Amino acid sequence: MSSRSRLILALEFLLLCVGLPTVIIVYRLAAEMLLFLWAAALYCGIVYRLKFHRGWGEVWRWGEVNWANLRVILPRFVLVAAAMVAFLYFYDPGRMLYLPREKAGFMLILFVAYPLLSALPQEFIFCTFFFARYQLFFPAQWAIVGASAVVFAYAHVLFINPVAPTLSFVGGLIFASTYAKTRSLALVTIEHALYGNFLFFIGLGWYFYGGRG
């Protein structure tokens with residue numbers, strides 16, 4: 001890759017991973033989060049289609065949704081889920097099970113909508129696209145996993161509380177690690193949806209739709 005191409009790629013990285021979240025943070029645009037998310041996903045999708053696409057089978061890799069991978073993912077989820085419950089119990093117990101208690105109907109809609117409208121585009125951007133597009137800057141697996149987690153966490157600073165980016169960094173490490181091993185958008189989206197839906201169920205989701213802390 002030429003120096004000019006590397007510079008353009010670096011500028012794209014800064015604009016997409018730093019500039020866009022910063023604009024949302026500075027101008028308090030969290031309410032339009034889904035609009036920005038899908039606009040970014042559309043851009044990433046176009047670039048990915050032009051530069052890297054070799055068939056949807058290579059993107060989804062449904063074959064990686066198997067017991068060998070799930071027996072790693074599910075026990076880890078149980079441990080992290082228990083930690084999230086403990087954290088909420090001590091940090092903000094009043095929000096425990098807020099959705100099932102107060103908005104059960106909305107919670108059911110959210111459980112269906114979240115994987116498709118939020119988890120999927122996020123994992124396409126921060127895993128499928130990020131790993132293919134920016135591998136040049138982070139050639140070691142640990143480096144690109146860490147970089148993905150950092151930009152994923154920074155994208156959640158827009159909620160203006162310490163909980164969202166902190167939990168997102170941990171989640172970003174988990175999701176990026178899964179993707180690094182499997183290169184499966186299907187598996188990492190399922191894993192993200194599992195954590196996201198549980199997070200909303202127990203009450204931590206408040207910090208991911210405008211909660212201040």
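Refer to the structure presented above.
Residues numbered from 1 in each chain as written. Predicted model: local features only at pLDDT ≥ 70, side-chain atom pairs only at ≥ 80, totals over all residues. Heavy atoms only, no water.

Description of helix 9 (residues 185–202)
The terminal C-alpha atoms of helix 9 lie 26 Å apart, and with 18 residues this matches the ideal 26 Å at 1.5 Å per residue to within 8%. Of all 18 residues making up helix 9, 14 are buried, and the element is well covered by its neighbours. Downstream of helix 9 by a residue or two, Gly203 has a phi angle that is positive, lying close to 120°. (Helix = DSSP H or I, 4+ residues; strand = E, 2+ residues; numbered from the N terminus. Expected span 1.5 Å × (residues − 1). Buried < 20%, exposed > 50% of the residue type's maximum accessible area, 1.4 Å probe, protein only.)

Points about helix 8 (residues 163–182)
What sets the pattern is the α-helix's 3.6 residues per turn: residues three or four places apart point alike. The end-to-end C-alpha distance of helix 8 is 28 Å, a good match for the 28 Å that 20 residues give at a rise of 1.5 Å each. Just past helix 8, the residue Arg183 takes up positive phi, approximately 55°.

Focus: unusual backbone geometry
You will see that Ile160, though not glycine, has its phi angle at about 55°, which is positive. Position of Ile160 among the secondary structure elements: in the loop between helix 7 (141–154) and helix 8. The backbone phi angle of Arg183 is positive, close to 55°, even though this residue is not glycine. The partly exposed category is assigned to Arg183, whose relative accessible area is 30%.

With respect to the packing of helix 6 (residues 104–134) against helix 8
Closest axis-to-axis distance for the helix 6/helix 8 pair is 10 Å, and the angle between their directions is 40°. The angle between helix 6 and helix 8 falls in the class oblique. In terms of crossing hand, the pair formed by helix 6 and helix 8 is right-handed. Of helix 8, the residues touching helix 6 (which contributes Glu123, Cys127, Thr128 and Phe131) are Phe175, Ala176, Tyr179 and Ala180. By residue class, the composition of the contact of helix 6 with helix 8 is six nonpolar, one polar and one charged. (Axes fitted to C-alpha atoms, helices over the stretch in contact; angles between N-to-C directions. Parallel < 35°, antiparallel > 145°, perpendicular 65-115°, else oblique. Left-handed = near helix turned anticlockwise from the far one by under 90°. Contact = heavy atoms within 4.5 Å. Nonpolar A, V, L, I, M, F, W, Y, C, P; charged D, E, K, R; others polar.)

Topic: the packing of helix 4 (residues 67–91) against helix 8
Helix 8 packs onto helix 4 with a crossing angle of 175° between their chain directions and a minimal axis gap of 13 Å. By the criterion of interaxial angle, the relationship of helix 4 to helix 8 is roughly antiparallel. Touching Asn69, Ile73, Arg76, Val80, Phe87 and Tyr91 of helix 4 are Val163, Ile174, Thr178 and Thr182, all from helix 8. Partitioned by chemical class, the residues of the contact of helix 4 with helix 8 number six nonpolar, three polar and one charged.

Remarks on empty space enclosed by the protein
For the structure on display, the rule yields one cavity of 30 Å³ or more. Taken as a whole, the largest cavity holds about 40 Å³ of empty space. Lining the largest cavity are Glu123, Phe126, Cys127, Ser148, Phe152, Gly172 and Phe175. Of all the secondary structure elements, the ones that give two or more residues to the lining of the largest cavity are helix 6, helix 7 and helix 8. The element that contributes the greatest number of residues to the lining of the largest cavity is helix 6, accounting for three residues. Across the lining of the largest cavity, the residue classes tally to four nonpolar, two polar and one charged. (1 Å grid on protein atoms, 1.4 Å probe; cavity = no way out; pocket = protein on both sides within 12 Å on 5 of 7 lines; lining within 4 Å. Points joined across faces, edges and corners; volume = space filled by probe spheres on them.)

Examining the nonpolar core
Judged by nonpolar contacts, the single largest core of 60 residues is most densely connected at Phe129, Phe130, Phe131, Tyr134, Phe138 and Leu204. Going through the elements one at a time, helix 1 (3–26), helix 2 (33–51), helix 4, helix 6, helix 7, helix 8 and helix 9 are the ones with two or more residues in this core. A per-element tally of this core places helix 6 first, with 13 residues. If sequence neighbours within four positions are ignored, Phe131 has contacts with Phe126, Ile144, Val145, Ser148, Ala176, Tyr179, Ala180 and Arg183. (Core = buried A, V, L, I, M, F, W, Y, C linked by side-chain atoms within 4.5 Å.)

Side note on the pattern of salt bridges
Any two side chains of opposite charge can pair, on the condition that their charged atoms come close. This structure, assessed with the given rule, holds five salt bridges. Between Arg101 and Glu102 there is a salt bridge; the shortest N-O distance is 3.6 Å. By relative accessible area, Arg101 is classed as partly exposed at 47%. (Salt bridge = Lys/Arg side-chain N within 4 Å of Asp/Glu carboxyl O.)

Observations concerning the layout of surface pockets
For the largest pocket, the calculated volume is near 920 Å³. As for the largest pocket, its lining consists of 46 residues, and the residues nearest its centre are Met33, Tyr114, Ser118, Gln122 and His156. At the level of elements, helix 1, helix 2, helix 4, helix 6, helix 7, helix 8 and helix 9 are the ones that each hand at least two residues to the lining of the largest pocket. In terms of residue count, helix 6 provides more of the lining of the largest pocket than any other element does, 13 residues in total. For the lining of the largest pocket, the per-class residue count stands at 39 nonpolar, seven polar and no charged.

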